Amino acid sequence: ALFYRQLPKVELHAHLNGSVSSETMDLLMKRKPHLNIERGMTAILREQRRSLDECFQVFKVIHQLVDSGEDILLVAKAVIQEFAADGVKYLELRSTPREVTETGLTKQIYIETVLEAIRQCKQEGVDIDVRFLVAVDRRHGPEVAMETVKLAEDFMLCSGGTVVGLDLSGDPTVGHGKTLLPALQKAKNCGLKLALHLSEVPSQRDESELLLNLPPDRIGHGTFLHPEVGGSDSLVDKVCKQNIPIEMCLTSNVIGQTVPSYDKHHFQYWYNRGHPCVLCTDDKGVFSTDLSQEYQLAASTFKLSAEDVWNLSQQAIGCTFAPEPIKQKLEKMWAELKQQIL
Ligand code: 5GP
């Protein structure tokens, strides 16, 4: 277990509000006792299984607890510190900007506050490089998506390189990606990198076919892309030809039951083909996990050697949206730590 914690890691798929630890949740629940929210409502234990729909219900509860600028600052700082303590050296955090009239929270303030948290952590010497992806919730439709893209573009230009991309997430059974194409295309044209949740459920085949033509810079989950699970050769071809890295979240997929068991996870399919796979947590708070555990889980399930695990974590550097000099800096860090840890 020590090896996995010491292993330098890159986290590329972490939703802010899904990443809030139980310790921080306790604090928020104490601040807002009138909501009558208990521990079991904001996190799912590793042994438990839920429907994807039930998982999304959990986010509604968490959003009630995190509804002001003050809350955002608290959770963002804590989440960054927790990732750093787990040995994550580079983190791309993503979050959907929300507006809450009662607390004066606007989407603008939301993003500013996350950026402030990143700044404060840096100033306090937390040993981690953090970037931000602005998230589009597909449930909110094309107009909101376009607004969010404009906001993301503004922040990309004024955040000194912290805002690097756009995420597409939210309940995959709601809406269709084709209505969001103009917004996603605009984001791409202005230089935002695209990390899109793709084929998270089986019914998204046509949508993935369409979104892969953009193409995205990274794929979230991609659970149902390959033919063995109802995807298609054409989808696999597009992913392979464009060499699009896939962010994979083992615990999240097994708890949410889009994957029946760890040994059946699509990591195996893509890893065996030598395709870039990046292990991620998705929602470390909701799914009671951390990135060290995800690496350990992949290693034990798929019989990876320490060397394999090291290469997996190193390969993730190339999949980041960081500028080239930062990637080089990370490569150097990995090279220096290798003799010590491996
Ligand atoms: P937030 O964006 O509020 O920081 O994080 C929670 C949000 O992330 C959820 O409301 C949902 O839109 C998105 N999210 C978190 N986990 C998942 C997931 O596994 N799949 C999808 N499609 N969206 C997710």
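The preceding data block contains the structure.
Residues numbered from 1 in each chain as written. Predicted model: local features only at pLDDT ≥ 70, side-chain atom pairs only at ≥ 80, totals over all residues. Heavy atoms only, no water.

Peer 1: Just checking my understanding: could you explain the overall build of the chain for this structure?
Peer 2: Helix and strand content of the chain: 14 helices and eight strands. The dimensions of the chain, computed from C-alpha atoms along their principal axes, are 50 × 45 × 40 Å. Out of the 342 residues in the chain, the part that is buried amounts to 58%. Of the contacts made within the chain by residues no fewer than 6 positions apart, 78% connect residues no fewer than 24 positions apart. Counting every atom, the chain has about 14,000 Å² of accessible surface; 51% of that belongs to carbon and sulfur. Mean positive and mean negative side-chain charge positions of the chain (37 and 46 charges, respectively) differ by 2 Å. (Helix = DSSP H or I, 4+ residues; strand = E, 2+ residues; numbered from the N terminus. Buried < 20%, exposed > 50% of the residue type's maximum accessible area, 1.4 Å probe, protein only. Contact = heavy atoms within 4.5 Å. Areas by Shrake-Rupley, 256 points an atom, 1.4 Å probe, with all protein chains shown as cover. Lys, Arg positive; Asp, Glu negative; His and termini not counted. Charge placed at Lys NZ, Arg CZ, Asp CG, Glu CD.)

Peer 1: Even after reading the chapter, I still don't get helix α3 (residues 52-65), so can you show me in this structure?
Peer 2: Residues that lie three or four places apart on an α-helix share one face, since the helix turns once every 3.6 residues. Here α3 contains 14 residues, and its C-alpha end-to-end distance of 21 Å stays within 8% of the 20 Å for a straight helix at 1.5 Å per residue. Among all positions of α3, only Leu52, Cys55, Phe56, Val58, Phe59, Val61, Ile62 and Leu65 are buried. Packing partners of the buried residues in α3 comprise α2 (22-31) and α4 (69-85). (Expected span 1.5 Å × (residues − 1).)

Peer 1: Would you mind showing me how to read unusual backbone geometry here?
Peer 2: Only a minority of non-glycine residues have a phi that is not negative, and only a minority of peptide bonds are not trans. The step from Leu214 to Pro215 runs through a cis peptide bond, and the omega angle for that step is -15°. Secondary-structure assignment places Pro215 in the loop between α8 (205-211) and β6 (218-221). A positive phi angle, close to 75°, is found at Asp282, a residue other than glycine. Structurally, Asp282 is set in the loop between β8 (277-279) and α12 (291-302).

Peer 1: Please clarify how the side chain of Ser21 should be interpreted in this entry.
Peer 2: Inspection of the secondary structure puts Ser21 in the loop between β1 (9-15) and α2. In contact with Ser21, other than residues within four places in its own chain, are Glu82 and Lys284.

Peer 1: What should I look at first to understand the site of the ligand in this one?
Peer 2: Taken together, 17 residues surround the ligand, and among them His63, Ser95, Thr96, Glu200 and Asp283 come closest. Contact between the ligand and Asn17: an oxygen atom at 2.8 Å from a side-chain N or O atom of the residue. In isolation the ligand has 500 Å² of accessible area, and contact with the protein removes 98% of it. With three residues, α3 is the largest single contributor of residues to the shell around the ligand. (Near = heavy atom within 4 Å. Polar contact = N/O pair within 3.5 Å; in protein donor to acceptor, adjacent residues only side chain to side chain.)

Peer 1: It is not clear to me how the pattern of salt bridges should be interpreted in this structure. Could you clarify?
Peer 2: Across all of its chains, the model carries 24 salt bridges by this definition. Among the salt bridges present, the one from Lys284 reaches Glu82, with a minimum N-O distance of 2.6 Å. Separated by 202 residues along the polypeptide, Lys284 in the loop between β8 and α12 and Glu82 in helix α4 bring together distant segments of the chain. On the basis of relative accessible area, Glu82 is assigned to the partly exposed category, the value being 24%. Its salt-bridge partner being Glu207, residue Arg138 comes within 2.8 Å of it at the nearest N-O pair. With Arg138 in the loop between β3 (129-137) and α6 (141-158) and Glu207 in helix α8, this residue pair connects regions lying 69 residues apart in the sequence. By the burial criterion, Arg138 is buried, and Glu207 matches it. (Salt bridge = Lys/Arg side-chain N within 4 Å of Asp/Glu carboxyl O.)

Honestly, that's just the spatial picture; any functional story needs more than this.
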